[in-house]
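Topology and contacts: notes
Okay, here's what each chain looks like letter by letter:
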Amino acid sequence: MNLRVYKAFSDRARMATSGLGRRLSYVFGALITAIVAAVILINVQTQLQLVRERLELRLLHLLEIATEVSLPYLIEGRAAELDIIFEELRNQPDLIDIFIIDQDGIMVVESEEQDDIDFLKPANDPLAERAAETSEIQRLDLPEIRKVAKPLMIGNVNYGTLRLDFDPRGVRSEIAKVWSRNALGGVLFVLVGLFTSNIVAIRLVGPLNRLTHATERAANGDLDQSICVRTNDEIERLASSFNTMLVALRRSIQEIHEVAYRDKLTGVPNRAWLGQQLEQIAIEASAKEERFSVLFLDLDDFKSVNDNHGHHVGDQLLVLFAHRLRCCVSEIGLSALNVGSDRNAAKYRFDGDAVVARLGGDEFTIIVPSILCRELVERIIEAMQSEFVLEDLGLRATTSIGVANFPEHAPNSELLLKHADVAMYQAKRAGRNTFAFYDGDQHKLTIERLELAAEIRGAVEQDQFIIFLQPQFLVATGQVSGAEALVRWNHPTRGILCPDMFLPVAAGAGLLPEIGRLVVRKTLKAAFEILPCVSVPLTFAVNLSVDELADEAFVEELLWQIDGANLPRGTIEIEITENTAMTDGAAIERQLERLRLVGTRLAIDDFGVGYSNLGRLKGLAFDTLKLDRSLLQDVGEDEEAENLMATILAMAQVMKADVVAEGIETRTQLSVLEKYHCRHYQGYLGARPMPVDRFEKWLRANLANREYQA
């Protein structure tokens with residue numbers, strides 16, 4: 001039996017090696033080899049492209065996560081805290097290192113790999129410098145490492161450069177696997193093609209033409225086809241194999257597409273898929289004049305779930321949250337789109353579809369028709385009232401939702417998603433567990449505050465803050481007894497700015513200690529220069545905030561400056577507000593006591609506008625009580641106001657504290673102060689705040705005039 005089969009095969013082989021058969025055999029063998037090579041090459045190129053796209057998407061995703069995490073800390077001047085946050089990112093298998101270099105080239109987030117670069121020292125990183133100069137992402141591919149640098153910017157303000165180092169070996173391994181698998185398959189198919197070419201040569205050329213055309217279409221990217229050849233021989237089987245190869249190739253592309261565009265944890269579409277869908281939906285909506293909304297959702301206080309229960313519980317919560325969102329979408333009659341077999345498979349219908357996608361972390365996005373937007377948002381807020389049950393643990397979670405409508409809030413997909421994100425943070429500031437529609441005016445105000453914060457940071461570096469001194473007087477004699485140092489911003493284009501125009505923003509950005517250092521230094525310098533020129537003792541008052549007192553480094557520097565100024569004890573008076581004095585913190589009390597030990601006086605400022613605990617005030621052992629101007633506005637005209645002031649003065653006398661009445665502008669107010677034996681006053685009646693050099697001249701003239709009158 002085997003001999004007969006071998007003889008039949010030999011006869012067929014001899015037929016294919018003679019005359020036209022031989023030439024056709026060569027031609028068909030070469031053609032089949034080319035067909036197989038073309039299909040394999042397409043497969044290799046497709047898989048390699050998807051591998052590269054997946055790498056690029058991961059790189060951009062890591063860059064975006066790191067940027068979103070870094071900017072708030074850099075803006076607030078808390079870059080050192082990023083090292084702890086970056087620890088999780090450094091655990092990524094292909095991420096070698098991540099660190100931040102500020103706009104001055106100083107490494108402000110420490111690198112674990114760059115041992116030759118000291119923390120808070122110049123990084124000398126050419127890639128980061130090029131990224132900062134061009135304001136664009138820069139890449140450098142080396143044999144053993146891939147370096148990426150991204151400038152961290154808001155508008156035209158550069159907060160530094162984010163540097164990431166990737167290990168390319170994993171990608172190379174995937175590329176090698178793609179080549180090896182396809183090379184082996186290619187060799188096998190080429191062998192099959194060569195083996196069958198002799199048989200194919202004796203067949204009619206027609207089926208081969210169909211096969212050739214099908215191959216050309218496949219080479220042009222048309223994989224959704226099949227070829228039908230019924231010759232009951234090798235050509236038919238080759239066509240069948242070709243069809244099988246196309247099916248396998250389509251399945252492979254679909255699997256890669258699933259990995260690239262579906263969130264692995266929750267199963268919903270990911271950021272990359274959402275971006276493509278949102279862009280396409282915006283284009284179609286513009287053409288059809290349709291309206292839709294983007295919801296940006298963030299779980300409130302999700303970090304505490306991970307910290308208290310573990311990341312595995314946090315992951316389960318995200319899965320249940322995604323499922324609950326899809327259920328809410330279904331309950332209002334919409335269908336949530338899934339990732340299709342290719343990018344164009346899922347088509348959005350404006351009258352019946354929604355998109356639920358996970359951007360990353362605990363952030364999700366929903367695309368929904370605008371007419372159903374509010375109903376969906378309210379349903380989600382209501383659904384979040386029910387607890388999530390996982391691992392026999394019941395958790396209650398809330399979400400903050402930002403909403404941006406197309407086209408009224410943004411004309412394109414990129415801005416729409418950004419404005420929905422902004423609206424989400426507006427909802428968080430409103431108290432969380434609620435929703436907010438994008439407010440352009442509020443967003444503009446936020447941007448202006450960020451720009452002002454950046455400008456204030458630059459003003460600190462350029463020493464643009466100065467002090468004005470406002471004299472304080474003895475009520476009984478009118479003699480100058482001291483001065484309060486008041487900060488002013490000598491703005492290069494807007495002139496002298498008062499504190500209420502920049503201090504609230506500086507406080508929100510954590511810049512008060514930096515400004516306070518300048519004020520203290522300049523006040524000590526002024527006291528050192530003025531005191532030797534006058535014959536009367538003076539007290540120079542400096543205001544400190546709770547943020548400054550809570551800053552250990554600031555207090556240490558303040559103590560060192562006061563001690564090194566060699567001023568008489570009691571010359572410097574530290575003013576804290578009534579609310580700061582009421583802060584229940586042992587650390588604040590300890591810092592105040594340390595300041596008293598170096599000879600400073602303690603004053604309670606703005607007394608009368610807060611809520612005071614008299615026992616706590618007594619425990620602070622303050623030297624001076626400064627009455628807020630609001631207590632003195634009606635003195636001399638309102639009997640109750642006068643009685644209240646008299647009571648406070650009596651209390652201060654019992655507590656053996658000096659009293660300074662602020663905001664004195666009339667002789668009537670001054671006469672009432674004299675009547676009740678208030679010792680000091682400060683206000684426009686005596687003198688307005690003035691620069692240090694003008695204060696020194698004014699003081700000399702004032703003292704000289706008093707000596708002349710005496």
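Among the eight residues of strand β8 (residues 353–360), eight are classified as buried, and the element is accordingly described as predominantly covered. Of the pairings in the sheet, the one linking strand β7 (residues 335–336) to β8 comprises two bridges and is parallel in character. Paired with A336 across the two strands is A354, which belongs to β8. Relative to strand β9 (residues 363–369), β8 runs antiparallel, the two being bridged by five bridges. Bridged to V356 within β9 is I366. Counting the residues between successive antiparallel strands, the hairpin from β8 to β9 contains two residues, one of them, G361, with a positive phi of roughly 60°.

Our focus in this paragraph is the nonpolar core. Within the largest apolar cluster, 78 residues are counted, with the highest numbers of intra-cluster contacts made by I456, F465, L469, L538, L625, L627 and L673. Dropping the residues within four chain positions of it, F465 is found in contact with I456, A459, V460, V487, R488, W489, F502, I515, L518 and K522. In terms of nonpolar packing, the next biggest core, distinct from the first, is built from 35 residues, L325, I366, C373 and V377 among them.

A few words on helix α17 (residues 552–565). Between its terminal C-alpha atoms α17 stretches 20 Å, which fits the 20 Å expected from 14 residues at 1.5 Å a residue. Within α17, the full set of buried residues consists of F554, V555, L558, L559, Q561, I562 and A565. Projection of α17 onto a plane perpendicular to its axis shows the buried side chains occupying an angular sector of 165°, all on one side. Across α17 from its buried face, at more than 90 degrees, point the exposed residues W560, D563 and G564. Taking the backbone nitrogen of A553 as reference, a side-chain oxygen 3.1 Å away marks D551 as the first, capping residue of α17.

Where helix α9 (residues 302–309) is concerned, the buried positions are F302, V305 and N306. End-on, the buried residues of α9 take up no more than an arc of 95°, which puts them together on one face. The exposed residues of α9 that point more than 90 degrees off its buried face are K303 and N308. Where the residues of α9 are buried, they touch β6 (292–299), α10 (311–331) and β11 (393–395). Positive backbone phi, at 100°, marks G310, one or two positions downstream of α9.

This paragraph deals with the sheet that holds strand β13 (residues 435–437). By way of backbone hydrogen bonds, the strands of a sheet pair with one another, either parallel or antiparallel. Sheet architecture is open: six strands sit in the order β7-β8-β9-β6-β12-β13, paired in mixed fashion. For this open sheet the edge positions go to β7 and β13, each flanked by a neighbour on one side alone. Sheet topology note: the β6/β9 ladder contains seven bridges and is antiparallel. Its bridge partner lying in β9, D298 is registered against E363. Contacts from helix α8 (residues 271–288) reach β6, β8, β9 and β12 (399–406), with the element oriented near 140° to β8. Across the sheet, α10 lies against β6, β7, β8, β9 and β12, angled at about 5° from β9, the strand it touches most.

As a further point, take the environment of G186. Considering the arrangement of structural elements, one finds G186 in helix α5 (residues 169–201). Excluding residues that lie within four positions of it along the chain, G186 makes contacts with V36 and I40.

So, on to the packing of α8 against helix α12 (residues 413–429). Running from N to C, α8 and α12 cross one another at 115°; their axes reach a closest spacing of 9 Å. Judged on the interaxial angle alone, α12 and α8 are roughly perpendicular. Residues L278, E279 and A282 of α8 form the contact with α12, whose participating residues are S413, L416 and L417. Within the contact of α8 with α12, the residues separate by chemical class into four nonpolar, one polar and one charged.

To continue, consider a nonpolar patch on the surface. There is a patch of nonpolar side chains on the surface, built from L184, V187, L188 and L191 and spanning about 390 Å² of accessible area. One can find L188 in helix α5. Judged by relative accessible area, which is 48%, L188 ranks as partly exposed.

The tally for this structure, following the rule as stated, stands at ten aromatic pairs. Residues F465 and F502 carry aromatic rings whose centres are separated by 5.3 Å and whose planes lie at 45° to one another, so their mutual orientation is tilted. Taken as a pair, F465 in strand β14 (residues 465–474) and F502 in the loop between β16 (495–497) and α14 (503–508) lie far apart in primary sequence, 37 residues in all. Residue class for F465 comes out buried when judged on its relative accessible area of 1%. With a centroid separation of 5.7 Å and an interplanar angle of 85°, the aromatic rings of W489 and F502 are classed as edge-to-face. One end of the pair, W489, is in strand β15 (residues 480–491); the other, F502, is in the loop between β16 and α14, with 13 residues separating them in the sequence. By the burial criterion, W489 is buried, and F502 matches it. Members of the aromatic cluster, each reached through a chain of ring pairs, are F473, Y681, F695 and W698.

Rules used in this analysis
- Per chain, the residues get numbers from 1 upward, laid out in the order the sequence is written.
- The model is predicted, so local features are restricted to residues of pLDDT at least 70 and side-chain atom pairs to those at 80 or more, both for listing and for counting; the totals for chains, interfaces and linings are taken over all residues.
- To obtain the side-chain values, all non-hydrogen atoms of the structure were included, while hydrogens and water were left out.
- Accessibility here uses a 1.4 Å probe with only protein chains present; expressed as a share of the type maximum, an area under 20% marks a residue as buried, one over 50% as exposed, and anything in between as partly exposed.
- Secondary structure is summarised from DSSP: a helix means a run of H or I of at least four residues, a strand means a run of E of at least two, and numbering begins at the N terminus for each.
- In short, DSSP must find at least two bridges between two strands for them to pair.
- In plain words, nonpolar cores are sets of buried Ala, Val, Leu, Ile, Met, Phe, Trp, Tyr and Cys residues tied together by side-chain atoms within 4.5 Å.
- We call two residues in contact whenever any of their non-hydrogen atoms come within 4.5 Å of each other.
- The span one expects for a helix is its residue count, reduced by one, times 1.5 Å.
- What the arc measures is the spread of directions leading from the helix axis to the C-beta atoms.
- Pairs of N or O atoms within 3.5 Å make up the polar contacts considered here, provided that, within protein, one atom can donate a hydrogen while the other can accept it, and that residues adjacent in sequence are counted only when both atoms are side-chain atoms.
- Whenever a helix is involved, its axis is fitted only over the stretch in contact; in every case the axis is a line through C-alpha atoms, and angles between N-to-C directions fall within 0 to 180 degrees.
- Small angles under 35 degrees read as roughly parallel and large ones over 145 as roughly antiparallel, with 65 to 115 read as roughly perpendicular and the rest as oblique.
- In the scheme used here, Gly and all other residues not listed as nonpolar or charged are polar, with Ala, Val, Leu, Ile, Met, Phe, Trp, Tyr, Cys and Pro taken as nonpolar and Asp, Glu, Lys and Arg as charged.
- Distance thresholds for patches are 9 Å for like charges and 5 Å for nonpolar side chains (Val, Leu, Ile, Met, Phe, Trp, Tyr), applied to residues having over 30% relative accessible area and no salt bridge.
- The Shrake-Rupley method, run with a 1.4 Å probe sphere, supplies the accessible areas, and residue values consider only the shown protein chains as cover.
- By definition, a salt bridge exists where a carboxyl oxygen of Asp or Glu is found within 4 Å of a side-chain nitrogen of Lys or Arg.
- Stacked, tilted and edge-to-face are the three classes applied to pairs of Phe, Tyr and Trp rings, where Trp contributes its six-membered ring and a pair requires centres within 6.5 Å; stacked means planes under 30 degrees apart, edge-to-face means over 60, and tilted covers the rest.

Function-wise, these values are silent; they only describe arrangement.
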